[in-house]
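# Structure at a glance
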Amino acid sequence: MLTLTLPDGAERQVEEGTLPRDVVGSIGQRLLRDALAVEVDGDVQDLITPLRKGGDFKVLTAKHPRALDVLRHSGAHILATAVRRLRPDAKIGFGPSIEDGFYYDFEVDEPFTPDDLARFETEMRKVIAESYPFIRAEVNQADARKKFADDPLKLERLAEFDENEIISTYTDGPFIDLCRGPHVPDTSHLKHFKLLHTAGAYWRGDEKRQMLQRIYATAWFSKEELEAYLHRLEEAKRRDHRTLGQQLDLYSTDQRVGPGLILWHPRGATIRNEIENYERDLIIRHGYELVYTPHIVSEKLFQISGHLENFKESMFGGVDVEGASYRLKPMNCPGHICIFQSRSRSYRDLPIRYAEFGTVYRYERSGVLHGMLRVRGFTQDDAHVFCTPEQVPSEIERLLDLVHEMLETFGYPYTIELSTRPEKALGAPEMWRSAEQTLADVMKKRGQEFTIDEGGGAFYGPKLDFKLIDAIGRKWQGPTVQLDFNLPERFELEYTGADNAPHRPLMLHRVLVGSMERFVGGLVEHYAGAFPLWLAPEQARVIPISDEAVEASKSITLRLESAGVRAHLDDRSETLNYRIRDAETLKIPFMAVVGKREAASDSIALRVRGAGKKQEVMSVANFVAMIVGQIEARALKP
RNA sequence: GCUGACGUAGCUCAAUUGGCGGAGCAGCUGAUUUGUAAUCAGCAGGUUGCGAGUUCGAUUCUCGCCGUCAGCUCCA
């Protein structure tokens, strides 16, 4: 007998093997109609899988987020049902639910076309209208092989089952799939979905295996949610840094230069320069020293560092210089280490913190390049801290302060992940454990919340990853801090301790923005191109209403410029409306409109980006003071 | 790198079955002097990504290369 505890605390005794459907039905027929799945002792299962264990028992209806996963998984089967009807040649792969939807992989001779997608969607609606129940069956290996005799991908999966593992199949109408479940009761539950696109996907994610055709779809409980999701996609598209980057004249790439190499236009360079200036001041305040290291470096250095061994496929080919091979640097650490080793170091010198906006080049495969976010040449705001093991906690604390201050300035909420020892790792497990413990303790002490990514560390040490959350809720890779036990060994780093004996320091690698290219690309999307005043390439545009106001406007522009404001005069012979529109389109934070009245009273009519007609007349002196104050405060708005 | 799609003026897009490559915006010139998101007119702008091939004739069909996009794999 199993004991089920209902949400109201009531207990039910049922025989092992009872179907959840019967339990739900005994609670209420109305509930059974709405039930999509159940949760038993924390695990989701469908209504037709026999109960194997007792525990907390909850009925999942369309209100429950975990039921949505079940619905989406069923959606994948419905998709496969439709595809099989129209393309009987399609061999089925896997079809799981994913965030926001589901996909299904097929092996076909002729890839799907966009027209196919529309036909599949229509066919899916028929399958849904036919309201096939999902029927579960448990089968033995031999029967399963018979059922999937024409599906080589399923046979491959079948071969991997353990002897006593339960093999289950799910059938909806004409379609049968090898599947663990769970599923909703019948196909009619899928109502609000849309097929999105097709793409190639390697069988089992292995690039050495054949490529399958994947169909992606989204699915939701309600029409509103589906529409909201599609709207979110639109919103992401509207913010795309590649489109805005061109519209706002921030950057470009050029076939003649080569893919993945960014040309920073003046407006983009202004943003980057502001960030670099800000960060330079910030890190100097936080105890860093700036260094510069060469872009092209003798290959020998990367033999010592191990990059040639572990990172070779990401490095650009060697350049022959007088018989010696040189490489473009893919990372800045070896250079910083050489500076550390340029003289003997005492424990009194530690910690040493070297920082550099170091431009690195990495060979990325052509298919992964993406605007500014994934490139082949980029500048890291890189730093390396050389310290004793005892200094690690205080260094981490300093870093948490630094990161917090910086991310607040850009208006990013963030979360932290602690990544621990991976399977292949360097150094003694005790060393790892103590390092991980140190990191965790520092954060706990500060009341800093974090999650643990088990086994996600680099092979040479554990790390902290900061994940940024942007204005539309997407996560971005933010600052990272990595402890390194490896490079100090490889380079045989030493300092002289108080005991006059040599000791090995520890290294901390850390970046804040990571890559300037990626960070600025991310900021474009975060702000939707409407940069806060301090970052805006053009901060104010002075717009005379007519020729009578041009002289006054010129002098206002000059006063702004001499106060350090990036201001421009727009005295083109266009209508006022045209020039306002132009400034709005370029997302310039402030427009200072100057007419006859303003010119006579040394004032401007202020129009704030995005605020429409709402305007305020203020004296030029007040305007200059206000704008300078907001720049200095690095205010997020406007 | 792999699968698929795409590549026409600075930008966004047109161009019947293969038959003289167009438009809007931006640019230039002129007129207009504007009170808060596109004033009017004229002009100029192209070896249709590059290179072969088929054809009387190729933006259109075929092949190769380059680049871009959606994913996969990989990642700051």
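Since this is a predicted model, take the numbers as computed values, not measurements. (Residues numbered from 1 in each chain as written. Chains lettered and ligands numbered in written order. Predicted model: local features only at pLDDT ≥ 70, side-chain atom pairs only at ≥ 80, totals over all residues. Heavy atoms only, no water.)

### Some details on the packing of helix H9 (residues 266-285) against helix H13 (residues 392-410)
Angle between the axes and distance between the axes are the two parameters that describe a pair of packed helices. Selection criterion: In this analysis an axis means a line fitted to C-alpha atoms, helices contributing only their contacting stretch, and an angle means the value between N-to-C directions, from 0 to 180 degrees. Runs of H or I in DSSP of at least four residues are treated as helices and runs of E of at least two as strands, each being numbered from the N terminus. Comment on the angle field: the value is read as roughly parallel under 35 degrees, roughly antiparallel over 145, roughly perpendicular from 65 to 115, and oblique elsewhere. What makes a crossing left-handed is the near helix being turned counterclockwise from the far one by less than a right angle; a clockwise turn instead makes it right-handed. The contact definition used throughout considers only heavy atoms, calling two residues in contact when any of these lie within 4.5 Å. Each residue gets one of three labels, nonpolar for Ala, Val, Leu, Ile, Met, Phe, Trp, Tyr, Cys and Pro, charged for Asp, Glu, Lys and Arg, and polar for the others, Gly among them.
With their axes 11 Å apart at the nearest point, H9 and H13 run at an angle of 155° to one another. One way to sum up the angle between H9 and H13 is to call them roughly antiparallel. In the packing of H9 onto H13, the handedness of the crossing is right-handed. Residues Ile 275, Tyr 278, Leu 282, Ile 283 and Arg 285 of H9 lie in contact with H13, whose contacting residues are Leu 402, Glu 405, Met 406, Thr 409 and Phe 410. Its residues assigned to classes, the contact of H9 with H13 shows seven nonpolar, one polar and two charged.

### Brief notes about the packing of aromatic side chains
This is how it is decided: Stacked, tilted and edge-to-face are the three classes assigned to paired rings of Phe, Tyr and Trp, where Trp is represented by its six-membered ring and a pair needs centres within 6.5 Å; plane angles under 30 degrees give stacked, over 60 edge-to-face, the rest tilted. Burial classification: accessible surface area is computed with a 1.4 Å probe over protein chains only, and a residue below 20% of its type maximum counts as buried, one above 50% as exposed, and the rest as partly exposed. Charges are assigned to positions over rings by a cutoff of 6 Å between ring centre and Lys NZ or Arg CZ, combined with an angular limit of 35 degrees from the ring normal.
According to the stated counting rule, one finds 19 aromatic pairs in the structure shown. Arranged with centres 5.7 Å apart and planes meeting at 85°, the rings of Phe 106 and Phe 112 form a pair that is edge-to-face. Looking at Phe 112, the relative accessible area reads 7%, which means it is buried. Directly above the aromatic system of Tyr 103 lies the positively charged group of Arg 214, at a separation of 3.7 Å from the ring centroid. The aromatic ring of Trp 264 is capped on one face by Arg 272, whose charged end is 4.9 Å from the ring centroid.

### Description of helix H16 (residues 516-526)
Threshold: By the criterion applied in these results, polar contacts are pairs of N or O atoms within 3.5 Å in which, for protein atoms, one can donate a hydrogen and the other can accept it, and in which residues neighboring in sequence qualify only through two side-chain atoms.
Where burial is concerned, most of H16 is hidden: ten out of the eleven residues are buried. By the burial criterion, the buried members of H16 are Met 516, Glu 517, Phe 519, Val 520, Gly 521, Gly 522, Leu 523, Val 524, Glu 525 and His 526. The backbone nitrogen of Glu 517 lies 3.2 Å from a side-chain oxygen of the residue at the head of H16, namely Ser 515. Positive backbone phi, approximately 55°, marks Ala 528, located one or two places after H16.

### Quick look at the protein's contact with RNA strand B
How we decide: Summary of the distance rule: residues count as near a molecule or strand when at least one heavy atom falls within 4 Å of that molecule or strand.
Around RNA strand B sit 54 residues in total, of which Tyr 202, Ser 366, Ser 573, Arg 581 and Gln 615 are the nearest. Counted by atom, the contact set of RNA strand B within 4 Å of the protein is 50% sugar and phosphate. Side-chain polar atom of Gln 246 to a sugar or linking oxygen of RNA strand B: 3.1 Å apart, as the coordinates give it. Counting residues per element, the surface near RNA strand B draws most heavily on helix H18 (residues 576-585), at six residues.

### Structural notes on the packing of helix H17 (residues 550-562) against helix H20 (residues 620-633)
Axis separation between H17 and H20 bottoms out at 10 Å; the angle between their running directions is 30°. What the angle tells us is that H17 and H20 run roughly parallel. The handedness of the crossing between H17 and H20 is right-handed. Contact residues: H17 offers Ile 556, Arg 559 and Leu 560, while H20 offers Val 620, Ala 621, Phe 623, Val 624 and Ile 627. Classifying every residue of the contact of H17 with H20 gives seven nonpolar, no polar and one charged.

### Thoughts on the sheet that holds strand S30 (residues 567-569)
What counts here: Following DSSP output, two strands are said to pair if at least two bridges run between them.
Ordered in space as S30-S29-S31-S32-S33, the five strands form an open sheet in which the pairing is mixed. Edge positions in the open sheet fall to S30 and strand S33 (615-619), since each of these has one partner strand only. Here the strands of the sheet are splayed against their neighbours by 30° on average, with no regard to which way each runs. Sheet topology places strand S32 (residues 603-608) next to S33; five bridges connect them, and they run antiparallel. Bridge pairing in S33 links Ala 605 to Val 617.

### Description of the sheet that holds strand S9 (residues 134-139)
The antiparallel open sheet is built from three strands, whose spatial order is S9-S10-S11. Where the open sheet ends on each side, the last strands, each with one partner, are S9 and strand S11 (175-178). When the angles between neighbouring strand axes are averaged without regard to direction, this sheet yields 25°. Of the pairings in the sheet, the one linking strand S10 (residues 167-172) to S11 comprises four bridges and is antiparallel in character. By the bridge assignment for S11, Thr 169 is matched with Leu 178. The strands that helix H3 (residues 65-86) touches are S9, S10 and S11; relative to S11, the one it contacts most, it runs at about 130°.

### With respect to the pairing of strand S13 (residues 211-220)
The buried fraction of S13 amounts to eight of the ten residues, a majority that puts the element mostly inside the structure. Bridge count for strand S8 (residues 101-107) against S13 is six bridges, and the pairing is antiparallel. Bridge assignment links Phe 102 to a residue of S13, and that residue is Ala 217. Inspection of the sheet shows strand S12 (residues 192-202) paired to S13 by ten bridges, in the antiparallel sense. Across the sheet, Ala 199 pairs through a bridge with Arg 214, a residue of S13.

### Overview of the pattern of salt bridges
The following threshold applies: Think of a salt bridge as a Lys or Arg side-chain nitrogen and an Asp or Glu carboxyl oxygen that are within 4 Å of each other.
By the definition in use, this model includes 55 salt bridges. Between Glu 235 and Arg 239 there is a salt bridge, with the nearest N and O atoms lying 2.8 Å from each other. Judged by relative accessible area, which is 16%, Glu 235 ranks as buried. The shortest N-O distance in the salt bridge between Arg 446 and Asp 401 comes to 2.9 Å. Of this pair, Arg 446 sits in the loop between helix H14 (429-445) and strand S23 (451-453) while Asp 401 is found in helix H13, placing the two residues 45 residues apart along the sequence. Since its relative accessible area comes to 31%, Arg 446 is described here as partly exposed.

### Digging into the state of the cysteines
Note the following rule: Here, a disulfide means two cysteine sulfur atoms that sit within 2.5 Å of each other.
Scanning the model with the defined rule gives zero disulfides in all. Not engaged in a disulfide, the cysteine Cys 333 finds its nearest cysteine sulfur in Cys 338; these two sulfurs lie 11 Å apart. By relative accessible area, Cys 333 is classed as buried at 4%.

### Some points on the side chain of Glu 235
Here Glu 235 lies in helix H7 (residues 223-238). Only 2.8 Å separates the side chain of Glu 235 from the side chain of Arg 239, close enough to count as a polar contact.

### Thoughts on a nonpolar patch on the surface
Our working rule: Patches here: salt-bridge-free residues with over 30% relative accessible area, like charges joined within 9 Å, nonpolar side chains (Val, Leu, Ile, Met, Phe, Trp, Tyr) joined within 5 Å. Areas reported here follow the Shrake-Rupley algorithm with a probe of radius 1.4 Å; residue values treat only the protein chains shown as occluding.
Taken together, the side chains of Ile 296, Val 319 and Val 321 define a hydrophobic patch exposed on the protein surface, amounting to about 200 Å² of accessible area. On the basis of relative accessibility, which here comes to 38%, the residue Val 319 falls in the partly exposed class.

### Description of the domain arrangement of chain A
Inclusion rule: Segment limits for the domains were obtained from an automatic or database-derived domain assignment.
By the assigned domains, chain A splits into domain 1 (2-61), domain 2 (67-236), domain 3 (251-293 + 332-526) and domain 4 (540-633). The distance between the C-alpha centroids of domain 3 and domain 4 comes to 41 Å.

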